[in-house]
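# Close look at the chain arrangement
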Amino acid sequence: MDTLMKQAGKLNPRVLAFLEKRMKNIPSVAKKIEGEYAEIMTELETSVKPYKNKFTTFTQIPAKGRSHAEILGEMDAMRALEESHWKDGFISGAVYHGDQEHIDFLNQVYALNSQSNPLHADVWPSATKFEAEIVAMTANMLSGAGTDVCGTLSSGGTESIMLAMKTYRDWARETKGITKPEMIVPVTAHAAFDKASQYFNIKTIHVPVDENFRADLKAVKKAISRNTIVIVGSAPSFPHGAIDPIAEMSELARQHNIGFHTDACLGGFVLPWAEKLGYNVPAFDFRLAGVTSISVDTHKYGYAAKGTSVILYRNQELRHFQYYTTTEWPGGLYFSPTFAGSRPGALSASCWAALTSMGEEGYMTATKRILETAEKIKQGVREIPELHVLGDPFFVVAFASESINVYKVLDHMSHKKWSLNGLHKPTCVHLCVTLRHTQPGVAERFLTDLREAVEYVKGHPEEKGSMAPVYGMAATIPMRGMVSDLLKKYLDLIFKV
């Protein structure tokens, strides 16, 4: 089987996909594959379902309702167990603020607005006030002040990205007659762009990145065709924290009269403040004439509660292609700005509260602490002979190795409580630095544990580790359909009672 996989990796992707489909129909091969899936799922179930046999399990609505105290007691017990994973800064990204006073404040805001629904603007005009001002504040931060820049809230970065791609599809169809739309996307761009490709039938033209993990400008230029509706750039990319050459890419888009989308979901609430602090931040926002939309997550470094993001457009004409309206429904006139109908107004209120309570001063202070901590971590990683930092990132520190299995390092770090991100193409690991990591001693502990993990892996080359084989398989197996099947089985496992 291993020999077959090695040979398969040399084949043309189309031939490989054809071969994979046929192989799955061979009983002996199918049995072997299912056996490997089962072994991996057994390994994963322990971490995915840690509460098995520890708390009451429900497969149907209980005949008699439980007491509030009992329910809250169980939830508080789970919270306490889970909080230890992120409170002390052992997790990459995920929790971006985490200070208890900030959490308590946002929880109070949420409670005050728990019944609010922006779909019913006549009943909750406060929700529309909050959302309009969030969009305005975010636009102002990204050089949209005094212009026609506008936007909407969404539920997160994935929805913001998908809304933008749907918008460009419809804009290109109506204004340019394009019926076979294509979008040019660097291989390092967020997976949400490929998700939009599947959902909205837009062909993705992937372009490579250079040695610094920034989009290859020549490849972008070559990829433009009569069907191109939008070019995408990241500021920065999720895997390696690299900022694509947005100025040059957006100018290409402007010259060809096509859209350009800056995905600043990760960096939108860091880079503007970093620039004000004196860091050399390349232009990525509406200062560039070719940039026609930007996605930016308020629930990351904007420090809002999870569930809000902003999608901004150059003008209202473009934003109109995002809206949904219907005039013939017997239920009356119906319209919504995003995919959702009803939305939790409490999240919008919490987002507004986060932005206005932090203020520019708060964001500047937070950004300074994050960038200084990231610099300390980058320098520490560079001092470990077996590791090297990929590119020259601001706050997402990806590292790889030419001499040891970095997935085994990731595995060993997990035994020391660290939850890092394993990546592939190339094989590497990253830490997305947040305010949690700026706490006293956290960066130092990370580097100490990382050095020990490297030494352990060097001294125990025969050990497979618990998760390293899974990461390794996902990174190296040429038959990507098998990896996709594995991910689907993982999702099935999540919904298993």
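All of these numbers come straight from a predicted model, not from anything done at the bench. (Residues numbered from 1 in each chain as written. Predicted model: local features only at pLDDT ≥ 70, side-chain atom pairs only at ≥ 80, totals over all residues. Heavy atoms only, no water.)

### Thoughts on the nonpolar core
Heads up, the rule is: The set of buried Ala, Val, Leu, Ile, Met, Phe, Trp, Tyr and Cys residues whose side-chain atoms join them within 4.5 Å is what this entry labels a nonpolar core. Any residue under 20% of the maximum accessible area for its type is buried, any over 50% is exposed, and the rest in between are partly exposed; the area is computed with a 1.4 Å probe on protein chains only. Every helix listed is a DSSP run of H or I at least four residues long, and every strand listed is a run of E at least two residues long, numbered separately from the N terminus. In this analysis, two residues are considered to be in contact whenever any of their non-hydrogen atoms come within 4.5 Å of each other.
By size, the foremost hydrophobic cluster in this structure holds 90 residues, and its most contacted members are Ile 231, Tyr 301, Tyr 303, Phe 395, Phe 446 and Leu 450. A total of 13 residues in this core trace back to one element, the largest contributor, which is helix H13 (residues 345-382). Excluding anything up to four places from it in sequence, Leu 450 contacts Val 381, Ile 384, Leu 387, Phe 399, Val 409 and Met 413. Core analysis: the second largest hydrophobic core is formed by 26 residues, Ala 164, Ala 172, Ala 192 and Phe 193 among them.

### A closer look at the sheet that holds strand S6 (residues 293-296)
Operational definition: Being paired, for any two strands, means DSSP has found at least two bridges between them. Orientation is described by axes fitted as lines to C-alpha atoms, over the contacting stretch for helices, and by angles from 0 to 180 degrees between their N-to-C directions.
Taken together, 7 strands build an open sheet; the order of strands is S1-S7-S6-S5-S4-S2-S3 and the sheet is mixed. Of all the strands in the sheet, the pair left with one neighbour each is strand S1 (150-154) and strand S3 (203-207). Each strand of the sheet is rotated relative to its neighbour by a mean of 20°, with strand direction disregarded. Pairing analysis gives 5 bridges linking strand S4 (residues 228-234) to strand S5 (residues 259-263), with the strands arranged parallel. In the strand pairing of S5, Gly 233 is matched with Thr 262. Seen against the sheet, helix H7 (residues 157-176) touches S1, strand S2 (182-186), S4, S5, S6 and strand S7 (309-313) and runs at an angle of roughly 25° to S7.

### Topic: the confidence of the model for the protein
Rules: Per-residue confidence from the prediction method is given by pLDDT, with values spanning 0 to 100.
In the predicted model, the protein carries a mean pLDDT of 91, and the fraction of residues at 70 or more is 91%. Every residue in residues 1-9 is under pLDDT 50, and counting partners more than four places away or in other chains gives 12 contacts.

### Brief notes about the packing of aromatic side chains
Centre-to-centre distance and the angle between the planes together describe a pair of aromatic rings. As a reminder of what qualifies: Ring geometry is summarised as follows: Phe, Tyr and Trp rings, the Trp one being its six-membered ring, pair when their centres sit within 6.5 Å, and such pairs are stacked at plane angles under 30 degrees, edge-to-face over 60 and tilted between the two.
One pass over the full model with this rule turns up 16 aromatic pairs. With a centroid separation of 5.7 Å and an interplanar angle of 5°, the aromatic rings of Trp 273 and Tyr 363 are classed as stacked. With a gap of 90 residues between them, Trp 273 in helix H11 (residues 271-276) and Tyr 363 in helix H13 connect regions that are remote in the sequence. Each member of the pair, Trp 273 together with Tyr 363, is buried. Through pairs of rings, three or more aromatic residues link up here, namely Tyr 96, Phe 269, Trp 273, Tyr 301, Tyr 303, Tyr 363 and Phe 395.

### Section: helix H8 (residues 192-200)
Filter applied, for reference: This arc corresponds to the set of directions leading from the helix axis out to the C-beta atoms.
Restricting attention to buried positions, one finds in H8 the residues Ala 192, Phe 193, Ala 196, Ser 197 and Phe 200. End-on, the buried residues of H8 take up no more than an arc of 155°, which puts them together on one face. Residues of H8 that are buried sit in contact with H7, S2, S3, S4 and S5. Note on H8: the residue one or two positions beyond its end, Asn 201, has a positive phi of about 55°.

### Regarding the pairing of strand S13 (residues 428-432)
A large share of S13 lies buried, amounting to 5 of its 5 residues. Two elements, strand S12 (residues 421-423) and S13, share 3 bridges in a ladder whose sense is antiparallel. Following the sheet pairing, Gly 422 is matched in S13 by Val 429. Hairpin connection between S12 and S13: a loop of 4 residues separates the two successive antiparallel strands, and Lys 425 in this loop has a positive phi of roughly 60°.

### A closer look at the sheet that holds strand S11 (residues 396-400)
With respect to topology, 4 strands assemble into an open sheet ordered S10-S11-S13-S12, the strand pairing being antiparallel. The sheet terminates laterally at strand S10 (388-389) and S12, the two strands that pair on one side only. Along the sheet face, helix H14 (residues 406-415) touches S11, S12 and S13 and points at about 40° away from the line of S13.

### Some points on the environment of Ala 189
Within the secondary structure layout, Ala 189 lies in the loop between S2 and H8. Counting along the chain gives 50 residues from Ala 189 to Pro 239, while the straight-line C-alpha distance between them is 8.5 Å. Those residues in contact with Ala 189 that lie beyond four places of it in its chain are Val 232 and Ser 234.

### Regarding unusual backbone geometry
Backbone torsion omega between Ala 235 and Pro 236 reads -5°, so that peptide bond is classified as cis. Located in the positive-phi region is Ser 143, a residue other than glycine, with phi close to 65°. You can see Ser 143 is positioned in the loop between helix H6 (125-141) and S1. Of note in this structure, Phe 213 is not a glycine but carries a positive phi near 65°. When you line up the elements, Phe 213 lands in the loop between S3 and helix H9 (217-223).

### Let's talk about the pattern of salt bridges
The criterion, for reference: Think of a salt bridge as a Lys or Arg side-chain nitrogen and an Asp or Glu carboxyl oxygen that are within 4 Å of each other.
In this structure the tally under the stated criterion is 22 salt bridges. In this structure, Arg 79 engages Glu 83 in a salt bridge whose closest nitrogen and oxygen atoms are separated by 3.0 Å. In this pair, Arg 79 and Glu 83 are both assigned in helix H4 (residues 68-86), 4 residues apart and thus about one turn of the helix distant. A residue is classified by how much of its surface remains accessible, and Arg 79, at 38% relative accessible area, is partly exposed. Of the charged contacts in the structure, one is a salt bridge between Lys 300 and Asp 297, with a shortest N-O distance of 2.4 Å. On the basis of relative accessible area, Lys 300 is assigned to the buried category, the value being 17%. Residue class for Asp 297 comes out buried when judged on its relative accessible area of 1%. Residues joined by salt bridges that share partners form a network here, namely Lys 166, Arg 169, Asp 170 and Arg 173.

### Observations concerning the packing of H14 against helix H15 (residues 442-459)
Just so we agree on the cut-off: Each angle gets one of four labels, with under 35 degrees taken as roughly parallel, over 145 as roughly antiparallel, 65 to 115 as roughly perpendicular, and the rest as oblique. Crossing chirality is assigned from the near helix's rotation relative to the far helix, an anticlockwise turn below a right angle marking it left-handed and a clockwise turn marking it right-handed. In this classification, Asp, Glu, Lys and Arg are treated as charged, Ala, Val, Leu, Ile, Met, Phe, Trp, Tyr, Cys and Pro as nonpolar, and every other residue, Gly included, as polar.
Between H14 and H15, the shortest axis-to-axis distance is 9 Å and the interhelical angle comes to 125°. Judged by the angle between their axes, H14 and H15 are oblique. Relative to H15, the crossing made by H14 is right-handed. Contacts between H14 and H15 involve Lys 408, Val 409, His 412 and Met 413 from the first element and Phe 446, Asp 449, Leu 450, Ala 453, Val 454, Tyr 456 and Val 457 from the second. Each residue belonging to the contact of H14 with H15 can be placed in one class, and the counts come to 8 nonpolar, 1 polar and 2 charged.

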